[in-house]
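The residues making up each chain are set out below.
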Amino acid sequence: MHGRPRNALKEEDTAALSAKAEKLRSLQSHFLANHHNRIYTKEALEGNAKLLENNPEWHTAWNYRKLAVESFLSDSHSDPETVKSILDEELRVVENALRKNFKSYGAWYHRKWVLSKGHSSIDKELRLLDAFQKADPRNFHAWNYRRFVAALMKRPDEDELKYTEEVIGANFSNYSAWHNRSILLSNLLKRKAEGYFPKENVLEGEFELVHNAIFTDPDDQSGWFYHLWLIDQTVKIDAPLLVSSWPSHGFNITLQGNKCLHGSGLSVLNSTLPNTGTLPIILYFNQAVEGVNSSTVNVKSELLSGNLVWKPLSTNNSNNAQVWVAYLDIRNLEVQLSKTYVVEISLGHSKGIVSSSGYDYGHPSRVTFELCIQTAYTEPVEQQEGKSNSWKDDDFQKFDHLQESEPICSADQVTSEIDHIPTTSGRCEEAVVNEINQFRDLLSEIDCKIGKLTLARLLTAVDSLPSSRANNMVNTEEILQLYDDLMRLDPTHYLYYKDEHSLVLLRQITSSRDSLLPYCHYKKNAIEAFAGYVSLRLQNLSLSRMGSIENLLWVQTLDLSHNQLRSIEGLEAMQLLSCLNLSHNKLGSFTALGPLRLLKSLKVLNISYNEIGSHSIDTKRYLCSSPLSHTEEFAWDQFEIFADSIGISAATFWEPFLIFQSLNLTELDTKGNPVADENFRSFLVKVLPTLKWLDEEDLS
């Protein structure tokens, strides 16, 4: 284990181990009998203590002691001295077990449980911890327990921070000490404790401390991780912010019956309105928030007779989400035709929107757009298209230029649409630039992988600042080259570097209208239902992960084919998306398609030539946030009846059923996936009654 070689045991060692195993089996047998019969005598507990000294990892044995203690404490005749004696004995047993195995989860948890009873003295706990931590200064169990004890003692964070500095001074190769320091500093900075405000002054000293570790031994990674945390503290804005919306600020929408026309003649909502008769209003925050409702988001318009209902766009059914949506029902509006209605959305004027880290949304923001309805909405008449949607290059034409009236929104527009966006201070930007210069000097002397990674992160951080965005992300090419180098130098972490490379590339592409232009196309000879779309074609870019979704909320047709995508996390925010091409990627399961369930406007989907069904067990289901992670109620009995009625295996098709049951697809292509056999095709035809084309075959 951990690279240590295993040597063959000597004969006498084998005999000793056999005798020990026999003794352990005897102790276990007696313990299980006592546990089963609820025997909590002195002899039974002594036998249990011997068992735990030999095997501290047996959680059942610790739970037995908890039951015994509860039984003793429930005795009304137990006086305070007796209670203290009982709990002190538990602490002694734990201490002996820890001397046997300092990293025993069960032993540390049991000690916490005993102290939480409130009858034991905690004065000796720090002394005991000091002794244990001298033996193993990096043991994270001890550091976790230290935080627990410090909280019980109400020990000041400043004192604990000083302790971490002493430990780091003795040996800076201590991940646990650096980690504890980050926790303590986070608390001090958050409550603006005396001497820890302004934040810039504190971080300046911390950078000096971590430089001593990094530049002394660049190959030791413990200081590097703390440095990464410092970068995040330097550039991040704690309070949640509204960074994007759809419709965007100043946008004009003209509805004509079932169609939605834009000033340029290009349709913005051809798919959304005919399908649902609703107009999505999307709010995109810089971090997950909760509390978005009619009390915290004020929507003013003559169009509205009541409050809008805001819903989180989350694939795991959480009430905490980065993206929220409300739907304006166009079908039943009583409006004056050809009149322009103003819709104004404001938030931040009252409390209630809170981030997952507990910060309030406190920066008033406003988004205003105009809506004109020329003719009344009527229910759409179903049309039979004469041919399926094509994604061939010959069927698309690039835009020569983009007019201001085009429904395109990029990062340079997003940041200007919101009132009162706070920014990092000039000192923070200066600190990041100073770090960049120092690490460039370091890399000029040594070839250090984590140094390259840190430089890439620093350059990304400085490019994310508002002043740098105005300069069109001047460091992007250098960042991409650094990640290319890292993929070559460190193949073990290739996928991570590939994901980061993809995020930087997408940030560059969506940074301005000019950078988006080469990827914007329109469809030649499009069928009526999809005529006039701006198609965003991001194919053949070697993308492994999606990002910058906040700049793509306007997109209706998206081509992501011939990439290396293993996940489409984030696409659920693109509520206008009607046509999506995910062919020729590396999507390996239905779990990866989870975000599709929230795309109510999706009509055309191509997932051909992926790897769906290549593994009989989806091992990523419980690693990723997914609707397939048993986070929602699923009417299994009803699904079994449905499966039996169409002659399919419920156990085989419950995952695709969860994905496709809520979609209204007219075209679907699944060719080239291991799952795409005749049984699967028959299942899709049954579960998708709106389907007209399947695998390029006409179903009519």
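Please refer to the structure higher up on the page.
Residues numbered from 1 in each chain as written. Predicted model: local features only at pLDDT ≥ 70, side-chain atom pairs only at ≥ 80, totals over all residues. Heavy atoms only, no water.

**Observations regarding the environment of arginine 146**
Rule in force here: Every helix listed is a DSSP run of H or I at least four residues long, and every strand listed is a run of E at least two residues long, numbered separately from the N terminus. Whether two residues touch is decided by their heavy atoms; if any such pair falls within 4.5 Å, the residues are in contact. Counting of polar contacts relies on pairs of N or O atoms within 3.5 Å, with two restrictions inside protein: one atom must be capable of donating a hydrogen and the other of accepting it, and residues adjacent in sequence are counted only when both atoms are side-chain atoms.
Summarising the element assignment, arginine 146 is placed in helix α7 (residues 140-153). Each C-alpha atom of the pair arginine 146 and asparagine 180 lies 9.6 Å from the other, and the pair is 34 residues apart in sequence. Among residues more than four places away in sequence, those in contact with arginine 146 are Leu126, Leu129, Asp130, Gln133, Arg155, Glu160 and Tyr163. A polar atom in the side chain of arginine 146 sits 3.4 Å from the side chain of aspartate 130.

**Focus: a nonpolar patch on the surface**
Rules: Only residues whose relative accessible area exceeds 30% and that take part in no salt bridge are eligible for patches, with like-charged residues grouped when within 9 Å of each other and nonpolar side chains (Val, Leu, Ile, Met, Phe, Trp, Tyr) grouped when within 5 Å. We get accessible surface area from the Shrake-Rupley algorithm with a probe of 1.4 Å; when it comes to residues, only the shown protein chains can shield them. Salt bridges are counted wherever a side-chain nitrogen of Lys or Arg sits within 4 Å of a carboxyl oxygen of Asp or Glu.
Taken together, the side chains of Tyr105, Tyr109 and Phe140 define a hydrophobic patch exposed on the protein surface, amounting to about 350 Å² of accessible area. Secondary-structure assignment places tyrosine 105 in helix α5 (residues 105-115).

**Here we look at the packing of aromatic side chains**
How we decide: Two rings from Phe, Tyr or Trp (for Trp, the six-membered ring) form a pair when their centres are within 6.5 Å of each other. A pair whose planes differ by under 30 degrees is stacked, one over 60 is edge-to-face, and the rest are tilted. Only protein chains enter the accessibility calculation, which uses a 1.4 Å probe; a residue is then buried when its area is under 20% of its type maximum, exposed when over 50%, and partly exposed in between. Here, a charge over a ring is recorded when the distance from Lys NZ or Arg CZ to the ring centre is within 6 Å and its angle to the ring normal is within 35 degrees.
Under the defined criterion, the tally for this structure stands at 24 aromatic pairs. Ring plane angle 65° and centroid distance 5.8 Å describe the contact between tyrosine 496 and tyrosine 497, whose orientation is recorded as edge-to-face. For tyrosine 496, a relative accessible area of 33% gives the class partly exposed. Ring centres of phenylalanine 653 and phenylalanine 680 lie 6.2 Å apart, and the angle between their planes is 10°; on these two criteria the pair is classed as stacked. In this pair, phenylalanine 653 is assigned in helix α21 (residues 650-660) and phenylalanine 680 in helix α22 (residues 678-687), connecting sequence segments 27 residues apart. Taken as a pair, phenylalanine 653 and phenylalanine 680 share a single burial class, namely buried. Every member of this aromatic cluster is reached through a ring pair, and the members are Phe102, Trp108, Phe132, Tyr145 and Phe148. The side chain of lysine 66 reaches across the aromatic face of tryptophan 113, ending 5.7 Å from its centre. The ring of tyrosine 163 has arginine 146 lying over it, and the distance from NZ or CZ to the ring centre is 3.6 Å.

**Focus on the sheet that holds strand β15 (residues 579-581)**
Note the cut-off: The pairing criterion is simple: DSSP has to find at least two bridges between the two strands.
If you walk across this open sheet you meet the 9 strands as β11-β12-β13-β14-β15-β16-β17-β18-β19, and the pairing is mixed. Looking at strand neighbours, the two that pair on one side only are β11 (396-398) and β19 (697-698), the edges of this open sheet. Pairing of β15 with strand β16 (residues 604-606), which is carried by 3 bridges, proceeds in the parallel orientation. Bridge pairing in β16 links asparagine 581 to asparagine 606.

**Quick word on the pattern of salt bridges**
Applying the stated criterion across every chain, the model contains 27 salt bridges. Of the charged contacts, one joins glutamate 206 and arginine 181 as a salt bridge, the two residues approaching to 2.9 Å between their closest N and O atoms. Within this pair, whereas glutamate 206 is found in helix α10 (residues 199-216), its partner arginine 181 is found in helix α9 (residues 175-190), the two being separated by 25 residues in sequence. A relative accessible area of 3% places arginine 181 in the buried class. Salt-bridge contacts for arginine 440 lead to glutamate 478; the nearest nitrogen and oxygen are separated by 2.5 Å.

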